[in-house]
Amino acid sequence: MRSIALFIMIIPGVIAAYGIILMRDAFFGQVAAIFFNNVFLQFIGGLILFVGGLGFIGGFIVYRDKKRGKRS
């Protein structure tokens, strides 16, 4: 079961890391081909990926802690 939980945590972590990379590249003006040379759209896409991945990890931890009785 721990390996499944680790796998569930790795995927959103990778998504959040890719979001950070997209935001960094947009900040320095390097546009990925998928965003049609639009730096603002790339930054917003990276922000959405980062917040989504981080939110999933945070929700997973809160749910696990509530289930185990460590948090009220």
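Everything below is about the structure printed above this text.
Presented here is an overview of the structure given in this document. Bear in mind the structure is a predicted one, so any value in this text is a computation, not a measurement.

### A look at the side chain of Asp 25
One can find Asp 25 in helix H1 (residues 2–27). At 3.3 Å, the side chain of Asp 25 forms a polar contact with the side chain of Arg 24. In contact with Asp 25, other than residues within four places in its own chain, are Gln 30 and Gln 42.

### Comments concerning a positive patch on the surface
On the surface, Arg 2, Lys 67, Arg 68 and Lys 70 cluster together to form a positively charged patch. Along the chain, the position of Lys 67 falls in helix H2 (residues 39–68). The exposure class assigned to Lys 67 is exposed, which follows from its relative accessible area of 60%.

### Some remarks on unusual backbone geometry
Positioned with a positive phi, Phe 36 is a non-glycine residue whose angle comes to about 55°. With respect to the helices, strands and loops of the structure, Phe 36 is situated in the loop between H1 and H2. Looking at Phe 36, the relative accessible area reads 72%, which means it is exposed.

### Topic: the layout of surface pockets
Estimates place the volume of the largest pocket at around 370 Å³. Met 1, Ala 5, Phe 60, Arg 64 and Arg 68 are the residues nearest the centre of the largest pocket, which is lined by 13 residues in total. Of all the elements in the fold, those that place two or more residues in the lining of the largest pocket are H1 and H2. Taken together, the residues of the lining of the largest pocket sort by class into 9 nonpolar, no polar and 4 charged.

### Quick look at the pattern of salt bridges
Counted according to the given criterion, the structure contains 2 salt bridges. For Arg 24, the salt bridge identified is with Asp 25, shortest N-O distance 3.3 Å. With relative accessibility at 45%, the residue Arg 24 sits in the partly exposed group. Residues Asp 65 and Arg 64 are paired through a salt bridge, measuring 3.8 Å at the closest nitrogen-oxygen approach. Overall, Asp 65 belongs to the buried group, its relative accessible area being 17%.

Parameters at a glance
- Residues numbered from 1 in each chain as written.
- Predicted model: local features only at pLDDT ≥ 70, side-chain atom pairs only at ≥ 80, totals over all residues.
- Heavy atoms only, no water.
- Helix = DSSP H or I, 4+ residues; strand = E, 2+ residues; numbered from the N terminus.
- Polar contact = N/O pair within 3.5 Å; in protein donor to acceptor, adjacent residues only side chain to side chain.
- Contact = heavy atoms within 4.5 Å.
- Patch = residues over 30% accessible without salt bridge, like charges linked within 9 Å, V, L, I, M, F, W, Y side chains within 5 Å.
- Areas by Shrake-Rupley, 256 points an atom, 1.4 Å probe, with all protein chains shown as cover.
- Salt bridge = Lys/Arg side-chain N within 4 Å of Asp/Glu carboxyl O.
- Lys, Arg positive; Asp, Glu negative; His and termini not counted.
- Charge placed at Lys NZ, Arg CZ, Asp CG, Glu CD.
- Buried < 20%, exposed > 50% of the residue type's maximum accessible area, 1.4 Å probe, protein only.
- 1 Å grid on protein atoms, 1.4 Å probe; cavity = no way out; pocket = protein on both sides within 12 Å on 5 of 7 lines; lining within 4 Å.
- Points joined across faces, edges and corners; volume = space filled by probe spheres on them.
- Nonpolar A, V, L, I, M, F, W, Y, C, P; charged D, E, K, R; others polar.

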